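# Structure assessment
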Amino acid sequence: MPSVSAHVALTLARHIDAVFGVMGNGNAYFLDAIEKQTDATFTAVRHEQGAVVAADAHFRASGRIAAATSTYGAGFTNTLTALAEAVQAHVPLVLVVGDEPTSGPRPWDVDQIAIASAVGARTYTAGRTDAAATTIIAIEHALTYRVPVVLAIPYDVASLDAGPVPEAPAPRVPAPLAPKGEYAEGMIDVIAEALRGAKRPFLLAGRGAWLAGAGAALGELAAATGALTASTALGRGIFPETGFDLGVTGGFGAEGAMELVREADVAVVFGASLNQFTMRFGALFAPGTRVFQIDTAPAATHAHVGGFVRGDARLVAEALVARLGSAGGSGWRESVDIDAARSYETGNDLAPDGRLDPRSAARRIAELLPEDRVVVSDGGHFIGWANMYWPVASPDRMMMVGTAFQSIGQGWPSVVGAALARRESTVVLTSGDGGGLMAIADLESAVRAAAGRGIAVVWNDAAYGAEINLYGLKGLAEGPMRIPEVDFAAFGAAVGAEGVVVRTLADLDRLAAWTREDPATRRFLVLDLRISGDVIAPYQEEIIRINS
């Protein structure tokens, strides 16, 4: 008869087709059932953090919920940073773990429910008679609240016979949040009137708008109002019309584009939290700009918001389009030079210290990357370069796993999840040497999962660049901030990738040739860019100004 673990695996596999993890005592029976009794694909990673990261990236790249799995105790605690990131980033996933026996903890057990709760994750525990129902409840919780959940299988319950697997109902997914009440409807009227009378209207959209499927409605609204548009870093590419789009707001934005945003007299923000980075630490909008926000949060998320509607971004955008009709625009967006406003510094071939200028390297890589690409980013000073110079087609093609929790070391396993979610696209990792070393165990996982559809660009400045810029410049000891220069090309070759040390722009010619080769026969490519740490990304300069 099927075991409790099989009940969990079989029920989970009806709704989740990808599982990532590390096998151990606590999840051995679960993984046996996944492999032998379901069609779900199990992909092994080499560190338990990587299991959660891969499931996280899989959802961001595809919109399909995935599962991670680890054993109990040390296996579970290894997942915590990635679990906290998924909580902060509102990414639904299910983490299936072993747990202490029902008879009580052993010396190597910890209070996993309390630990998961401490980082914001709810735990559901499977029993002998309710494992299938508990699994459905866990999936439903993850999808409803857009958070990771932990599904625990006690050690002494995992292999118990549980009888035939029952037909459990499908998880319920909540309907989009419609604006309700007289105030909400009145505020939509106010926003419509403000846009109708605006001389310089501006629309800003974030990842929440993408998850709501608001892209088409926002395109109609931009056309109806003649608004300039822009997105947050996690909403890049959401507006269908790129000709009047200013790119990314905040520290990743081009200076000319940000100057145009400050000229706006009316700004409407859809599905963006307006954090300090998007808002340029409060300087994104001019004091006279009327700022409205549409979000599913209970209240406005920034002090500069003058009018707020709680609701689904798509539904509110459609309501505004219906109210405005073919209002026409003021002609503002046709009067500005968008290309000039969006331009970034070109950089030099080499920086004054003789190392590669990251700006020119980023620009050259952008020219060579395959058009059908998904970019995954680790955290660190280098995040400015890809966000500034590498355009993507839509928000599900640029993900920064780690930034919500301000963590590094989640880049390599992000490749694993994205590669499984987008089996035809090239997955491009952008990582620093600090984060790259922290997660180096899953370099092997990335190479195995993506193979000839994977590229890793390692911005190797032999330092923790953000710390050098923030604290080294203040005179703090730089010894702990420095990293002996590591040969990532050799690391890649050791696990079956092709590694290239890039010291000049000419060395990037190998990328040009690689993109023309058959993905089925070429190898994963690791580009080890020996860049100058003296060239500081504009977003980091902004942080330095604030902190100085």
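Our subject in this report is the structure included herewith. Here the structure is a predicted model, which means the values were calculated and not measured.

A word on the nonpolar core. With 66 residues, the main nonpolar core has Phe202, Trp390, Trp459, Leu527 and Leu529 as its most contacted residues. The element contributing the most residues to this core is helix H15 (residues 383–389), with five residues. Contacts of Leu529, omitting those with residues within four sequence positions, involve Leu356, Ala361, Ile365, Val457, Val458, Trp459, Asn460 and Val502.

Two numbers describe how helix H3 (residues 48–62) lies on helix H5 (residues 80–88): the axes approach to 7 Å, and their chain directions differ by 25°. Between H3 and H5, the crossing angle belongs to the class labelled roughly parallel. Between H3 and H5, the residues in contact are Gln49, Val52, Val53, Asp56 and Arg60 and Thr81, Ala82, Leu83, Glu85 and Ala86, respectively. Tallied by class, residues from the contact of H3 with H5 come to five nonpolar, two polar and three charged.

This part is about the sheet that holds strand S8 (residues 228–231). If you walk across this open sheet you meet the six strands as S9-S8-S7-S10-S11-S12, and the pairing is parallel. With one partner strand each, in any of the chains shown, strand S9 (245–248) and strand S12 (307–310) form the two edges of the open sheet. Neighbour-to-neighbour, the strand axes of this sheet turn through a mean angle of 15°, independent of strand direction. Where strand S7 (residues 201–205) and S8 come together, four bridges link them in parallel fashion. Within S8, the residue paired with Leu204 across the bridge is Ala230. Its contacts with the sheet place helix H12 (residues 313–324) against strand S10 (266–270), strand S11 (290–295) and S12, and it is angled at close to 145° to S10.

Under the definition given, this model contains seven aromatic pairs. Ring centres 6.2 Å apart and planes at 65° place the aromatic pair Phe202 and Phe285 in the edge-to-face group. Of this pair, Phe202 sits in strand S7 while Phe285 sits in the loop between S10 and S11, and the two are 83 residues apart along the sequence. What makes Phe202 buried here is its relative accessible area of 0%. A relative accessible area of 3% means that Phe285 is categorised as buried. Ring centres 5.3 Å apart and planes at 70° place the aromatic pair Phe252 and Tyr539 in the edge-to-face group. On the criterion of sequence distance, the pair formed by Phe252 in the loop between S9 and helix H11 (255–263) and Tyr539 in helix H22 (residues 538–547) is long-range, its members being 287 residues apart. Across this residue pair, the class does not change: Phe252 and Tyr539 are buried. Residue placement shows Arg106 over the ring face of Tyr72; its charged tip is 4.4 Å from the ring centre.

Moving on, we get to the side chain of Asp442. Its location among the elements puts Asp442 in the loop between helix H17 (433–438) and helix H18 (443–450). A polar side-chain atom of Asp442 sits 2.7 Å from the main-chain amide nitrogen of Arg46. Sequence-distant contacts of Asp442, defined by excluding residues within four places in its chain, comprise Val45, Arg46, His47, Gly50, Trp412 and Pro413.

Another aspect to go through is unusual backbone geometry. One non-glycine residue, His90, adopts positive backbone phi at about 60°. Looking at where His90 falls in the secondary structure, it is placed in the loop between H5 and strand S4 (93–99). Judged by its relative accessible area of 46%, His90 falls in the partly exposed class. A positive phi angle, near 55°, is found at Arg280, a position not held by glycine.

The next subject is the pattern of salt bridges. The tally for this structure, following the rule as stated, stands at 28 salt bridges. Among the salt bridges present, the one from Arg106 reaches Asp109, with a minimum N-O distance of 2.7 Å. Between Arg482 and Glu478 there is a salt bridge, with the nearest N and O atoms lying 2.7 Å from each other. With a relative accessible area of 30%, Glu478 lands in the partly exposed category.

One way to put it is that helix H14 (residues 358–368) packs onto helix H21 (residues 509–516) with a least axis distance of 9 Å and a crossing angle of 15°. In terms of their interaxial angle, H14 and H21 are classed as roughly parallel. The two elements H14 and H21 meet at a crossing, and its hand is right-handed. Residue-level inspection shows Arg364, Ile365 and Leu368 of H14 in contact with H21, the latter providing Asp509, Leu511, Ala512 and Thr515. Taken together, the residues of the contact of H14 with H21 sort by class into four nonpolar, one polar and two charged.

The set of residues buried in helix H2 (residues 28–37) consists of Phe30, Leu31, Ala33 and Ile34. Projection of H2 onto a plane perpendicular to its axis shows the buried side chains occupying an angular sector of 160°, all on one side. More than 90 degrees from the buried face of H2, the exposed residues found are Glu35 and Lys36. Elements in contact with the buried residues of H2: helix H1 (4–13), strand S1 (18–21), strand S2 (41–44), strand S3 (67–70), S4 and strand S6 (148–154).

Before going further, it helps to examine the sheet that holds strand S18 (residues 525–530). Overall, parallel pairing links the six strands, which are arranged S14-S13-S15-S16-S18-S17 in an open sheet. A strand with exactly one partner marks an edge of an open sheet, and here the two such strands are strand S14 (398–400) and strand S17 (498–502). In this sheet, adjacent strand axes meet at a mean angle of 15° when their direction is disregarded. Judged from the six bridges that link them, strand S16 (residues 454–460) and S18 form a sheet pairing that is parallel. Across the sheet, the residue bridging to Ala456 is Val526, located in S18.

So, how was this worked out
Residues numbered from 1 in each chain as written. Predicted model: local features only at pLDDT ≥ 70, side-chain atom pairs only at ≥ 80, totals over all residues. Heavy atoms only, no water. Core = buried A, V, L, I, M, F, W, Y, C linked by side-chain atoms within 4.5 Å. Buried < 20%, exposed > 50% of the residue type's maximum accessible area, 1.4 Å probe, protein only. Helix = DSSP H or I, 4+ residues; strand = E, 2+ residues; numbered from the N terminus. Contact = heavy atoms within 4.5 Å. Axes fitted to C-alpha atoms, helices over the stretch in contact; angles between N-to-C directions. Parallel < 35°, antiparallel > 145°, perpendicular 65-115°, else oblique. Nonpolar A, V, L, I, M, F, W, Y, C, P; charged D, E, K, R; others polar. Pairing = 2+ DSSP bridges. Phe/Tyr/Trp six-rings, centres within 6.5 Å; stacked < 30°, edge-to-face > 60°. Lys NZ or Arg CZ within 6 Å of the ring centre and 35° of its normal. Polar contact = N/O pair within 3.5 Å; in protein donor to acceptor, adjacent residues only side chain to side chain. Salt bridge = Lys/Arg side-chain N within 4 Å of Asp/Glu carboxyl O. Left-handed = near helix turned anticlockwise from the far one by under 90°. Arc of directions from axis to C-beta.

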